[in-house]
Amino acid sequence: MIRIKWLVSLLALVAGLLLATTPGPAKPRNVILLIGDGMGTGLVTAAGLRSGAPTQMEQMSVTGLLRTATADTLPIDSAAGGTALATGVSVPNGRVSTGADGAILPTILEHARAAGKATGLVTSGSLTQAPAACFAAHVASRSAEKEIAAQLLGSRLDLLLGGGRRHFPEPKGWRLATDPEQVGTLAIGRTLGFFERPEVGQPAEPGSYVTTSALVQGALGFLDQAKRGFFLVVVHDQIDHAGHKQLPEEGLQHVMELDAAVGACRRFAQESKDTLVVVSADHDTGNLTLERGVPSQRQVTVSYSTSRHTGNPVPVYAEGPGSGEFTGTYDQTALPQRILRVAGVER
Ligand SMILES: [Zn+2]
């Protein structure tokens, strides 16, 4: 009898310890998805070696690989890749969240909005370009940028920050923000901020444009007020452009800039404890190769092997509640499906 009592108290103690050590909630309240356009694994590895320490992305607790080639298409473009990440559906190159038959494919931001969450879209490039546009617009051709801009203004997103102002009509019904720090202090409500920056390969004075990290910090301050949580999608465009222009040093600088934004998201998630952070890419551009170097001296010589997209797999990094779902090697289309599933958002 005494032995049974001992056993019962031992089991209670073990159960108590297990509960006490379970980290945070299983279901995230907030989701942040960051996308490096054209960011293959070589770029991330080289960025870490150059900085003398693993990147923020590499320090995240879960790592996986996404297959980007589809049964019919290798390599994919940013429209098909963005659509796969936004909707979980594989479409022909050039399409922005519409099927080959023209069907409108709902995006994770639209599902999140329908579930009562606040939503934001931030990009270092033009809001009207893929992959960013794929999260809130539906057109047959990625070149229909004026139509994309009109659809973005007609969307139910709470926050849009990025470039491409020249494609937009008068943004009626939207509050215009001009400073990312100011964005973080505004009450939730349709807010739009245009932040343009120089093209890759053009001279750019540091401080003459707003960094992705500054945009993200403004967005987090803004969205953090949402009563039922938020979904935020962040795109860093210029990594792809550097690959097309065969400018590896600029490519690395842009990966490091995105990485600083990832760091800001990780700090936010560590404080909030109920935020899932996922980082990935729409496709690889240029297949950056680490040729030689002395890593202990932060030296590595890199080169692109092509100026085009490739069918190489791209990395996925995740951290926070539900992040265990993102390990392994899987099709790009599975990523948004997993995000919705772990967040408990119906599709
Ligand atoms: Zn490209």
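For the structure, check the block above.
Each chain has its residues counted from 1, running along the sequence as written. Side-chain atom pairs in this predicted model are given and counted only at pLDDT of 80 or more, local residue features only at pLDDT of at least 70, and totals for whole chains, interfaces and linings cover all residues. The basis for every side-chain value is the complete set of heavy atoms in the structure, and neither hydrogens nor water enter the calculation.

Q: Would you explain helix H2 (residues 41-51) in this entry?
A: In an α-helix, one full turn covers 3.6 residues, which means residues spaced three or four apart are oriented alike. The buried label goes to any residue with under 20% of its type's maximum accessible area, the exposed label to any with over 50%, and the partly exposed label to all in between, with areas taken from a 1.4 Å probe on protein chains only. Strands here mean DSSP runs of E at least two residues long; helices mean DSSP runs of H or I at least four residues long; both are numbered from the N terminus. Listed in full, the buried residues belonging to H2 are Gly 42, Leu 43, Val 44, Ala 46, Ala 47 and Gly 48. A contact between two residues is defined here by any heavy atoms of the two lying within 4.5 Å. On its buried face, H2 sits against helix H8 (238-244), helix H9 (248-272), strand E10 (288-294), strand E11 (299-304) and strand E13 (314-319). Directly beyond the C-terminal end of H2, a positive phi value near 80° is found at Gly 52.

Q: How should the environment of Asp 101 be read in this particular structure?
A: Mapping Asp 101 onto the fold places it in the loop between helix H3 (78-87) and helix H4 (108-114). For Asp 101, a relative accessible area of 68% gives the class exposed. Considering only alpha carbons, one finds Asp 101 and Ala 140, 39 residues apart in sequence, at a separation of 9.5 Å. For this analysis, a polar contact is any N or O atom pair within 3.5 Å, provided that within protein one partner can donate a hydrogen and the other can accept it, and provided that sequence-adjacent residues contribute only side-chain to side-chain pairs. A distance of 3.0 Å separates the side chain of Asp 101 from the backbone nitrogen of Ala 103, its partner in a polar contact.

Q: Just checking my understanding: could you explain the coordination of the zinc ion for this structure?
A: Because water is not among the atoms used, a metal site may look incomplete, as its donors are only the N, O and S atoms within 2.8 Å, or 3.2 Å for Na, K and Ca. Binding of the zinc ion to the protein goes through Asp 240 (OD), Asp 240 (OD), His 244 (NE2) and His 309 (NE2), at separations of 2.1 to 2.4 Å. Around the zinc ion sit 4 donor atoms; with metal-centred angles ranging over 56 to 149°, the donor geometry is irregular. Each donor residue of the zinc ion belongs to the same chain, and together they define the spacing D-x3-H-x64-H. With a gap of 65 residues between them, His 244 in helix H8 and His 309 in strand E12 (residues 309-310) connect regions that are remote in the sequence. Angle rules define the geometry names used: all angles between 85 and 135 degrees makes four donors tetrahedral, while opposite donors over 155 degrees apart and all other angles between 65 and 115 make four donors square planar and six octahedral, leaving every other case irregular.

Q: What is the right way to look at the side chain of Thr 55 in this model?
A: Relative to the helices and strands, Thr 55 resides in the loop between H2 and strand E2 (62-67). Given a relative accessible area of 4%, Thr 55 falls into the buried group. Not counting residues within four places of it along the chain, the set of residues in contact with Thr 55 comprises Val 44, Ala 47, Gly 48 and Asp 259.

Q: It is not clear to me how unusual backbone geometry should be interpreted in this structure. Could you clarify?
A: Among all residues except glycine, the phi angle is most often negative; among peptide bonds, the trans geometry is most common. Put simply, Leu 74 and Pro 75 share a cis peptide bond, and its omega is -5°. Looking at the element boundaries, Pro 75 is found in the loop between E2 and H3. Going from Ala 130 to Pro 131, the amide bond is cis rather than trans, its omega being 10°. With respect to the helices and strands, Pro 131 occurs in the loop between strand E3 (118-126) and helix H5 (145-154).

Q: Sorry, what's going on with the pattern of salt bridges here?
A: Pairing between side chains of opposite charge can happen when the charged atoms of each approach one another. Salt bridges, as used here, are contacts in which a Lys or Arg side-chain nitrogen is within 4 Å of a carboxyl oxygen on Asp or Glu. Inspection of every chain in the model, using the stated rule, returns 8 salt bridges. For Arg 50, the salt bridge identified is with Glu 249, shortest N-O distance 2.8 Å. In this pair, Arg 50 sits in helix H2 while Glu 249 sits in helix H9, placing the two residues 199 residues apart along the sequence. Taking the shortest distance from any N to any O, the salt bridge between Glu 199 and Lys 245 comes out at 3.9 Å. Of this pair, Glu 199 sits in the loop between strand E6 (191-194) and helix H7 (212-223) while Lys 245 sits in the loop between H8 and H9, and the two are 46 residues apart along the sequence. Judged by its relative accessible area of 40%, Lys 245 falls in the partly exposed class.

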